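A structural walkthrough
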Amino acid sequence: MKRVLQEAALVAVIGATLAFAANSLSPRGLQLTRDYFPGTMPVLPAATGTNVAGNASTTTNSPLELLAARLQKDGLQLADSNQVAQLFGDSRRERDEVIFIDARDEEHYRAGHIPGAYLFDRFRPENYLTNVVPACLTAQQIVFYCNGGDCDDSEHAAIMLRDSIGLPKQKVFVYGGGLTEWITNGLPVELGARNSGQLTNLTQSATSAGTGGPKQ
């Protein structure tokens, strides 16, 4: 009788484990931390105006801090403009030991990208894996970027490649400011294909166009 009970308990544990695994993998799975019956929760007394203001002041974070927290939650590291500039100027970049990956589409990439950056459009990964995967596997540091701001293509591309080919988390970075900040900082931009040699400075170009170009 005792053995029967032990076997029944073991079957129950295995069944529960499989159920939790299936639930987590299913797109229609239940969120175990979600409250599906909010009406049963007790109603808390409303906070006073002073407390609300005090709580707001202690929980207010800058967009950069919120981005860093979101990236950290996904196991990614945030690279600021100073760190990105240092990595771009690093001599290892010439040997592809430091690489940049543009997570936008080809049209935007050809209109201007960080010089030497690889293109990886996560919506068409099959077109770029042949070039990008070997570079990622041999690189010591990888910086993903898109347009910056509300653009999150760089985050998704970083997670996709990291998880699919087993990249160590410590060498994967996301440039939060993206190409918009890069251009604003007056850094060079490459046009056309990778290593085309067609370099320009979009900030200076925009200034010249706005003033009618250089005077003769």
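Before going into details, it helps to say that this report is about the structure given with it.

Procedures and definitions
- Residues numbered from 1 in each chain as written.
- Predicted model: local features only at pLDDT ≥ 70, side-chain atom pairs only at ≥ 80, totals over all residues.
- Heavy atoms only, no water.
- Pairing = 2+ DSSP bridges.
- Helix = DSSP H or I, 4+ residues; strand = E, 2+ residues; numbered from the N terminus.
- Buried < 20%, exposed > 50% of the residue type's maximum accessible area, 1.4 Å probe, protein only.
- Right-handed = clockwise from strand over helix to strand, strands pointing away.
- Disulfide = S-S within 2.5 Å.

Some words on the sheet that holds strand β4 (residues 141-145)
Pairing is parallel across the open sheet formed by five strands, whose spatial order is β1-β5-β4-β2-β3. Where the open sheet ends on each side, the last strands, each with one partner, are β1 (77-79) and β3 (118-119). Pairing geometry for β4 and strand β5 (residues 172-175), over three bridges, is parallel. When the bridges of β5 are listed, V143 appears paired with F173.

As for the pairing of β5
Moving residue by residue along a regular strand, the side chains alternate between the two faces of the sheet. The alternating pattern of β5 places V172 and V174 on one face and F173 and Y175 on the opposite face, and all of these are buried. Bridge analysis of β1 against β5 gives three bridges, and the strand direction is parallel. In the strand pairing of β5, Q77 is matched with F173. Taken together, β4, helix α7 (residues 153-165) and β5 form a β-α-β motif whose crossover is right-handed.

Let's talk about the state of the cysteines
Tallied over the full model, the rule gives one disulfide. Paired by a disulfide, C146 and C151 hold their sulfur atoms 2.5 Å apart. Measuring handedness by torsion sign, the sulfur bridge of C146 and C151 sits at about -135° and is left-handed. Looking at C146, the relative accessible area reads 1%, which means it is buried.

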